[in-house]
Amino acid sequence: DAGVTQSPTHLIKTRGQQVTLRCSPKSGHDTVSWYQQALGQGPQFIFQYYEEEERQRGNFPDRFSGHQFPNYSSELNVNALLLGDSALYLCASSGGLAGLNYEQYFGPGTRLTVT
Amino acid sequence: KNQVEQSPQSLIILEGKNCTLQCNYTVSPFSNLRWYKQDTGRGPVSLTIMTFSENTKSNGRYTATLDADTKQSSLHITASQLSDSASYICVVRSDYKLSFGAGTTVTVRA
């Protein structure tokens, strides 16, 4: 049973470009959350997708957008990249919104470097 | 101000020694608290989860404690091993929102 997978592993982009990161949730999970983790910091919540809709959003600009597909996989898109967008982008999946003790399983992350 | 504060920011210990990491939170209402281990460049992996009524939870050489009255938690690592070198992140859940600490970086040296 594969856990959460993310692609690509590493990515280098130039300021102003656009990037798309991909995530496949753990088998049986239908909720995907995206986080940005700067070096030496804890993860910062970007947004969460459930039933192909954005259900919650953190304090990130509209340059950050996402999508969830019918098979529950998800994409994170970042437009007009800034140097400050350089970070490890983590995807986490869970088994639905219900239940206070649901656990999020994290993927290995995508390391984005903006030059 | 972050609602989850961890200390120390980093620490170095010798293999075989014990250490304790601290997590103080102001998140309210409280649902549960998790400790995650994150190896460099990898995603966090859950070590323990505690709800309001639980004071202690163990996972092998990792023991977490929770004092919901003072809103403090600790993670104790016993007989540290080189593989314990990682960042340890405290995450507090309030309803459907998760608040992450910045983590404590632990380096275990032979």
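Residues numbered from 1 in each chain as written. Chains lettered and ligands numbered in written order. Predicted model: local features only at pLDDT ≥ 70, side-chain atom pairs only at ≥ 80, totals over all residues. Heavy atoms only, no water.

1. Let's talk about the overall build of chain A
Consideration 1: Scanning chain A for helices and strands turns up zero helices and eleven strands.
Consideration 2: The order of helices and strands in chain A, counted from the N terminus, is β-β-β-β-β-β-β-β-β-β-β.
Consideration 3: Since a compact globule built from 115 residues should have a radius of gyration of about 13 Å, the 13 Å found for chain A is in line with a globular shape.
Consideration 4: By principal-axis analysis of the C-alpha atoms, chain A measures approximately 40 × 25 × 25 Å.
Consideration 5: In chain A, which comprises 115 residues, the share counted as buried stands at 49%.
Consideration 6: At a minimum sequence separation of 6, the contacts of chain A that also span at least 24 residues come to 54%.
Consideration 7: Surface summary for chain A: the accessible area is close to 5400 Å², and the carbon and sulfur share equals 48%.
Consideration 8: Within chain A, the 10 negative side-chain charges are centred at a point lying 12 Å from the centre of the 8 positive side-chain charges. (Helix = DSSP H or I, 4+ residues; strand = E, 2+ residues; numbered from the N terminus. Rg over C-alpha atoms; globule rule 2.2 N^0.38 Å. Buried < 20%, exposed > 50% of the residue type's maximum accessible area, 1.4 Å probe, protein only. Contact = heavy atoms within 4.5 Å. Areas by Shrake-Rupley, 256 points an atom, 1.4 Å probe, with all protein chains shown as cover. Lys, Arg positive; Asp, Glu negative; His and termini not counted. Charge placed at Lys NZ, Arg CZ, Asp CG, Glu CD.)

2. Concerning the confidence of the model for chain B
Consideration 1: Averaged over all residues, the pLDDT of chain B is 93; the fraction at 70 or higher stands at 99%.
Consideration 2: Within chain B, the element-level pLDDT minimum falls on strand β10 (residues 97-100) of chain B, averaging 86, and the maximum on strand β8 (residues 72-77) of chain B, averaging 98. (pLDDT = per-residue confidence, 0-100.)

3. A few points about the packing of aromatic side chains
To describe a pair of aromatic rings, you give the distance between the ring centres and the angle between the ring planes.
Consideration 1: For the structure on display, the rule yields nine aromatic pairs over all chains.
Consideration 2: Ring centres of F47(A) and Y49(A) lie 5.3 Å apart, and the angle between their planes is 85 degrees; on these two criteria the pair is classed as edge-to-face. With respect to burial, F47(A) and Y49(A) carry one shared label: buried.
Consideration 3: Consider the rings of Y62(B) and Y88(B), whose centres lie 6.0 Å apart with planes at 45 degrees: the pair is tilted. (Phe/Tyr/Trp six-rings, centres within 6.5 Å; stacked < 30°, edge-to-face > 60°.)

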